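Below, each chain spelled out in residue letters.
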Amino acid sequence: MAFIKRKERSKERFSLLLLDLEEYYFEQHTVYHVTTSSAKKRKIRGSLKVCSKSIIFEPEDHVEPILKIPLRDCKKIEAVEEKDQNPFNESKPAGLTILCKQVYLIKENNVVAPYRVERGDSTFLFHLEVSSKTEDVVQTLLQLHRASCLDKLGDQTAMIAANLQSRLARTSFDKNSFQNVSEIPHMECEAEMVTPLVTNPGHVCITDQSLYFQPLNGYPEQVVRIELHRVKQIYKRRHGLRPLGLEVFCTENDFCSDIYLKFYKTSDRNDLYYYIATFLENHMVEHTAESYMLQWQRGHLSNYQYLLHLNNLADRSGNDLSQYPVFPWIIADYNSTELDMMNPATFRDLSKPVGALNKERLERLLSRYRDMPDPRFMYGSHYSSPGYVLFYLVRVAPEHMLCLQNGRYDNADRMFNSIGETWKNCLEGATDFKELIPDFYGNDPSFLLNCLSLDLGKRQGGSSVQDVVLPPWAADASDFLQKSQKALESQYVSEHLHEWIDLVFGFKQKGSEAVAAHNVFHPLTYEGGIDCDSIEDPNEKIAMLIQILEFGQTPTQLFTTPHPQRITPRFQSISRTPSVNTPLNELSPASTSEDSSFEDLTEETRRLAWNNIAKLKLMSTHKIHKEAVTGIAVTRTASSVFTTSQDSTLKMFSRESNGLQRSMSFSNMALSSCLMLPEDKAVVCSSWDNNVYFYSIPFGRRQDTLMGHDDAISKMCWKDNQLYTASWDSTVKVWQCDSADIANNKRCQFQLLAEFEHEAGVNTINLNPAGTLLVSGTKDGTVTIWDTSSSVQLHQVHCHSGKIHDVAFSPDSRHILSVGEDSCLKVIDVQTGMMISSVQADEEQRCFCWDGNTVLSGGQSGHLQVLDLLSNKVTTRIPGHSGAVTAMWMNEQCSTVITGGEDKQIIFWKLDC
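Here's what I pulled together on the structure shown here. No experiment lies behind these values; they were computed from the predicted model shown.

**Remarks on the overall build of the protein chain**
Item 1. Helix and strand counts for the protein chain stand at 15 helices and 42 strands.
Item 2. Taken along its principal axes, the extent of the C-alpha atoms in the protein chain is 130 × 65 × 50 Å.
Item 3. In the protein chain, buried positions account for 57% of the 913 residues.
Item 4. Partitioning the contacts of the protein chain with sequence separation of at least 6, the portion at a separation of at least 24 is 57%.
Item 5. Accessible surface, the protein chain as shown: approximately 39,700 Å² in total, 47% of it carbon and sulfur.

**Here's the deal with the packing of helix α4 (residues 289–297) against helix α5 (residues 303–313)**
Each pair of packed helices can be described by the angle between their axes along with the distance between the axes.
Item 1. At a minimum axis distance of 10 Å, the contact between α4 and α5 shows a crossing angle of 175°. It follows from the interaxial angle that α4 and α5 lie roughly antiparallel. Across from Ala289, Tyr292, Met293 and Trp296 in α4, the residues of α5 making contact are Asn303, Tyr306, His309, Leu310 and Leu313.

**Things to note about the packing of aromatic side chains**
Working definition: an aromatic ring pair is given by the centre-to-centre distance plus the angle between the planes.
Item 1. Within the structure shown, the criterion is met by 37 aromatic pairs.
Item 2. Aromatic pair Phe440 and Phe480: ring centres 6.4 Å apart, planes at 75°, arrangement edge-to-face. Placement of the pair is Phe440 in the loop between α9 (419–428) and α10 (477–488) and Phe480 in helix α10, with a sequence separation of 40 residues. Neither Phe440 nor Phe480 differs from the other in exposure class; each is buried.
Item 3. Linked through ring pairs, Trp329, Tyr334, Phe391, Tyr392, Phe416, Trp423, Phe440, Phe447, Trp473 and Phe480 together constitute an aromatic cluster.
Item 4. Note that Lys434 overlies the ring of Tyr388, its terminal NZ or CZ placed 5.1 Å from the centroid.

**Here's the deal with the pairing of strand β36 (residues 845–850)**
Item 1. The buried count for β36 comes to six of six residues, which makes it a mostly enclosed element.
Item 2. Sheet topology note: the β36/strand β37 (residues 854–859) ladder contains five bridges and is antiparallel. Paired with Phe848 across the strands is Ser857, a residue of β37.
Item 3. From the end of β36 to the start of β37, which pair antiparallel, there are three residues, and Gly852 there has a positive phi angle of about 105°.

Parameters and conventions
- Residues numbered from 1 in each chain as written.
- Predicted model: local features only at pLDDT ≥ 70, side-chain atom pairs only at ≥ 80, totals over all residues.
- Heavy atoms only, no water.
- Helix = DSSP H or I, 4+ residues; strand = E, 2+ residues; numbered from the N terminus.
- Buried < 20%, exposed > 50% of the residue type's maximum accessible area, 1.4 Å probe, protein only.
- Contact = heavy atoms within 4.5 Å.
- Areas by Shrake-Rupley, 256 points an atom, 1.4 Å probe, with all protein chains shown as cover.
- Axes fitted to C-alpha atoms, helices over the stretch in contact; angles between N-to-C directions.
- Parallel < 35°, antiparallel > 145°, perpendicular 65-115°, else oblique.
- Phe/Tyr/Trp six-rings, centres within 6.5 Å; stacked < 30°, edge-to-face > 60°.
- Lys NZ or Arg CZ within 6 Å of the ring centre and 35° of its normal.
- Pairing = 2+ DSSP bridges.

Shown next, in the form of structure tokens:
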């Protein structure tokens, strides 16, 4: 109900809702309506509104009805002259007279009710307060009358549009309306302000301080002003399936904008958008569907907030009833006295569209679909349309309903009488497939109550339509909303909401997936389903646009791959059936153990550290290599730090003596990485000479060599006596190695367990904490996810335009982050393989650590940066190396960081909380 204004206009009953759809209000004149009844002459003062398809008289006396005279029903419009006894005086027009076939009487006794129609010839006489304007008004009305009487709708529309453009061309924005005399105008153009069911033409002007809209008719205000510094979000919109709209928000409420403008030229819309975006770039975060998805998955957004954000990004607006925000039916039980949120049967199956919930009805629809010629569709009506929105909101928006339905309410038995009845009809009705609107999960129950005491008619049983009948489990309307909110945020819905998103905003919206999901609607409802600009016949084009607007529109598709499930690790699943999309055991929450209190404490320490990661302080710098540092490994006691370098050496740095203790060289080629084996007895180094070297710390010598690849080895991982090696020979190999043998200085029997083939050289790999998944990043920008137990490739995502430098799982194994030479950071959902976030950094990032939400990365310039993935903003930059940061290590408590760089240095960092 965002579009329903609470503030009443005290003196004016007129509203643009009294106009027909696609009609314009041009000008108004103060007049006296002269009537004669019972031989008594009356003059009723009021305002005469000249509109593109009608004449509207609004009396000042609220008891008198508003008169609406359709121009197409007028037989005669002419000026009447004043009779003067002096024959030498020039006659003057005394008023204008209108002879019409019918007139609408609206708001009699100031009551909102269906319009009363008086048919038969009637004559109306109006005297203008400024009589000199009479002739001009008559000529204007005659011109508009000619347009209304044209046979073809396209011709009518073209003639009215020409009149409108002429009026706009003859006027311009009044700069006296500037709030500040020092404001500098940037651009002016023509546009229309959009509100539900109506548009209002006028002039737009943007300055260095404000956005202005000045209605051509001065209604409802002389000027609308938006201060640019107050703008929080701006969105490009498609209006009438054309890229002409712009919506501006000055609050974080995605349901209620401050102004919605429709431009006549896409170039004007884009120029204005980019000007505001440039003005706001330092304090306005541009959100994407992927960034919102990440916030929702991790519990930073509620289900309600996430759905509102998706609606907003998909061109749904509270100002456009043909694209009003759409929400799902959640509850399926409207008969019980208690609502059991732990029972899956309480909830609607979110994996199916409304039309597929009833198996018998679906079979009938599919039978018709199979016999239908192309283009085929399963459902003849949509799940969201202006009629459906006002079906739900008629008790709070009666004038909108009257506008949509030519001054009438719907039949009383077809109105929104009962929530249970409406749900039943959506399940069983032959043509009823509607979903819900956000108001069902909001805080204002007024749309369920007849607070305005409207006469909405009587049902067949004789009862009048009053408040909406609620289910037995709701004590009152407020209780119904509270329980609906609770249901929307419930465990079951959180586990399954992604399935509904796939249908409405995602990959099951179109194409073969939509057919398989029984989710195919009329072609006209889809974006790109028809190109109205390509239709040459103006009549056909107008008819098509009206049909599209009234029928409803499918949201803009936001996702083209399966939407990942929400992370709900702390709750027991109450799914109807096990999810086929969750094959990975490690994604399930870990069972509680006797060490859980210690784990919780460690987790709290990590969380606190990451919250303060921007306070990282440089402790010391040590130049111990002759070339770039490539790897860092630290003993459990943190007393010794081992580093590898392109200078082909392994160095051992002592924290106690704060100096270099050992330097080892295994070949004359660069070492690419290193890792510490359990018990701190050995360091493993990979080399560009295709070998892996095992260095014994207690004995101070090379202990073993694994000749494993046909090209340089780039990165290694270790888990449970298995060594994973990545190479530029396009493979990742898994080796069985007994760490106990290595610790006891025994020769190791290396056994090749598996080999993962790639199409390009592998530059980096990472294991998830459980060791059940491996991710690889290649030189051609491809990320591949592998199941280590079966050696099966789960997902392959080409997400970078160049070499991938580093890749890592989030601590909960739900997501993967990768950085590449294209300066992008990409987040991939492990479950679906979908890329859910992409951040363009201002420089190439070479390595990183992250907690799933915040990234500490090292860049090409040598600086560290802290990036918040939820807002896609760099929050802190920390100067460090004088060359690119090439290696990074972080301790388990996330309080100590060591970095290595192309400047041949290692730097020790400490968190200063």
